[in-house]
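Results of the structural survey
Listed below, chain by chain, are the residues.
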Amino acid sequence: MAEKLKVVGLSKTYIVDQGTPYAKEIPALEDVTLTVSSGEFVTIIGPSGCGKSTFLMIVAGLVPKTSGEIFLDGKPVKGPGLDRGVVFQEFALFPWMTVEENICFGLEMKGVPRRERHEIARRYIDLVGLRGFEHTYPFRLSGGMKQRVAVARALAYEPAVLLMDEPFGQLDAQTRGQLQKMLNDIWERTRTTVLFVTHNIREAIYLADRVVVFSERPGRVVEEIVVDLPRPRDPWSEKFFAYQRAVAEALGGERAGFF
Amino acid sequence: MATKPGTHALPVSSRGQVIGKEIWQSARPILVVFAVWELVGRSGIVHQALFPPFSAVVLRLYELGARGLLFVDLAWSLYRLAVGVALGILIGTAFGILMGASKKIEVWMLPVLDFFLSIPGVAIYPVVVLLFGLSNKAIIVTLAFEAALTVMMNTWTGVRSVPRILIDAARSMGASLRTLFYRVMLPGSLAFIVTGYRLAFTRAWRILVATELMGGLGYGLGFRIQQGRQFFDAALVLAGVLVIAVIGVVTERTLLRWVEARTVERWGTVT
């Protein structure tokens, strides 16, 4: 498979209390190298505070990197852009736009004509199962529905890669499961390249072709586990449990609180 | 997810009923005040020439209205208010947004803003009169000054209140600075901006009356009160005060309310 996204030797150091005598450097990411193939679903998992979200935001171009290179389709990434679609944990829908207007925003930025925007938006609203809510404002939607809109918004302008930052982290277990299933269905149909950050082992295995395990801060890649299971995955199968064990052990196992 | 939004079978009172109830609830205490005023005025505790009853004031108001003077005064006052506040809103919004958008501008403007905000608008008026003479222009400039400061403060707060994540979301979709401004910063800070406009109206209204009381400009509600005092016409003074109160309530309650109902309330940004 063709290389889609390539990150080479990425490091990030935060400076806190800059300009004061207490200023100090906090390394968040250390020499992260990662390649995502075209059409591949990769999840990044790691303990909280390991810099996995920072990593994703750097790839999104929203946070500056300290050193390293990022290539998308062979071209170096500079700043944010429509070639990457971002889904945030906090949904980040514009409260002053309806569901449809939110989805149209990216299309408008892309320069899609009005009539077409409308059609595409409708198609993606159907895709995430929100027909009938086109003209609803976000504050009337539940968390799960909001995140469906956010997924539709990011998919609608057809970015080369979808970046998802713990997108289901704020949802209750059942809603979370529903959205995981939905995302799996969508992915099986569209085969979009996805880079997905999570701290949930089962979620990581259920969705991914490959699970990338990060270490504690400063984040480094400690292991990559290829998940070779037919989709949709059966989360109660023995093989699934075996993968769960493998990921948990890579994260430090029971000693580190993963069981 | 099968039910359409907005369909419900709950019994609800009509919009008109709700509004009617609200108006009655706020009018009731005012009517009591008028009744007490009438009783005190008639009782003779205070001489009627000094404190005429409510009915006498209403009669005086009717005379003023019939002569057309009331409307001339009203028109002048509202004209000064409208032009002054409009100018203030334009200047204040622009500078408020600049302050919110740029840290450099904020660092320079905030102390200046704080400094001027601590000066009561009425105290600025004599300074403005020195520059512009005892004129309409002086009043308008004073109002614009006060309104601009108020609007600036609120707009600045509003722009800073726009969640970082929404800006990031827009940036991730390749939004230009211009798009960020019009489609994210502006609607995102609208709740604060509209509050600022309302506040500006209220403050400007107070200053307007005060400046009209001070200056001999010939027309205006404040001027009419001042004239009433000079001619020992208590009913005229109270009639002026009454109109000022009514106009104040009406502008505060209705003006910009519809903007809020159509924007921030619809979005759920405020309730």
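Here, every reference points to the structure presented above.
The notes below deal with the structure included here. This one's a predicted model, so the numbers in the text were calculated from it and none came from an experiment.

What counts and how
- Sequence order as written defines residue numbering, which begins from 1 separately in each chain.
- In the order they appear in the text, chains get letters beginning with A and ligands get numbers beginning with 1.
- Totals for whole chains, interfaces and linings use every residue, but because this is a predicted model, local features are given only for residues with pLDDT of at least 70 and side-chain atom pairs only at 80 or more, for both listing and counting.
- With hydrogens and water set aside, each side-chain value is computed from the structure's full complement of heavy atoms.
- Strands here are runs of E lasting at least two residues and helices are runs of H or I lasting at least four, both read from the DSSP assignment and numbered beginning at the N terminus.
- Atoms counted for the radius of gyration: C-alpha only. Globule rule: 2.2 Å times the number of residues to the power 0.38.
- A 1.4 Å probe rolled over the protein chains alone gives each residue an accessible area, and that area as a share of the maximum for its type sets the label: buried under 20%, exposed over 50%, partly exposed in between.
- Stacked, tilted and edge-to-face pairs are distinguished by plane angle, under 30 degrees for stacked and over 60 for edge-to-face with tilted covering the rest, among Phe, Tyr and Trp rings (Trp via its six-membered ring) whose centres lie within 6.5 Å.
- Each ring is checked for a lysine NZ or an arginine CZ that lies within 6 Å of its centre and within 35 degrees of its normal; such an atom marks a charge sitting over the ring.
- All axes are obtained by fitting lines to C-alpha atoms, using only the stretch in contact for helices, and the reported angles, taken between N-to-C directions, cover 0 to 180 degrees.
- Here the angle decides the label: under 35 degrees means roughly parallel, over 145 means roughly antiparallel, 65 to 115 means roughly perpendicular, and every other value means oblique.
- Note: crossing handedness is left-handed where the near helix turns anticlockwise from the far helix by less than a right angle, and right-handed where it turns clockwise.
- In what follows, residue pairs with any heavy atoms lying within 4.5 Å of each other are defined as contacts.
- Gly falls in the polar group here, along with every residue not listed as nonpolar (Ala, Val, Leu, Ile, Met, Phe, Trp, Tyr, Cys, Pro) or charged (Asp, Glu, Lys, Arg).

Re the overall build of chain B
What chain B contains, in helices and strands, is 13 helices and zero strands. Going from N to C terminus, chain B has its helices and strands arranged as α-α-α-α-α-α-α-α-α-α-α-α-α. The C-alpha radius of gyration computed for chain B amounts to 23 Å, which surpasses the reference 18 Å derived for 271 residues by more than 25%, pointing to a less compact arrangement than a globule. Along the first, second and third principal axes, the C-alpha set of chain B runs to 75 × 60 × 30 Å. Among the 271 residues that make up chain B, the fraction classed as buried is 42%.

With respect to the packing of aromatic side chains
Taken as a whole and judged by the stated rule, the model has 15 aromatic pairs over all chains. Aromatic pair F41 of chain A and F196 of chain A: ring centres 5.9 Å apart, planes at 40°, arrangement tilted. In this pair, F41 of chain A is assigned in strand β3 (residues 41–45) and F196 of chain A in strand β8 (residues 193–198), connecting sequence segments 155 residues apart. This pair shows no difference in class: F41 of chain A is buried, exactly as F196 of chain A is. Here F94 of chain A and F105 of chain A contribute two aromatic rings whose centre-to-centre distance is 5.0 Å and whose plane-to-plane angle is 55°, an arrangement assigned as tilted. Taken as a pair, F94 of chain A in the loop between β6 (84–87) and α2 (99–110) and F105 of chain A in helix α2 lie far apart in primary sequence, eleven residues in all. F94 of chain A gets classed as buried once you look at its relative accessible area, which sits at 0%. Looking at F105 of chain A, the relative accessible area reads 0%, which means it is buried. By the ring-pair criterion, three or more aromatic residues cluster together here, those being F41, F168, W187 and F196 of chain A. In this structure, K12 of chain A packs its charged tip against the face of Y14 of chain A, placed 5.0 Å from the ring centre. For R160 of chain B, the ring lying beneath its charged end belongs to W156 of chain B, and the centroid distance is 4.2 Å.

Some remarks on the packing of α2 of chain A against helix α3 (residues 114–127) of chain A
All names here are of chain A. At a closest axis distance of 9 Å, the pairing of α2 and α3 adopts a crossing angle of 125°. With respect to α3, the axis of α2 lies oblique. Crossing hand, α2 versus α3: right-handed. Between α2, through V99, E100, I103, C104, L107 and E108, and α3, the contact on the second element is made entirely by R117, H118, I120, A121, R122 and I125. When its residues are assigned to classes, the contact of α2 with α3 shows seven nonpolar, one polar and four charged.

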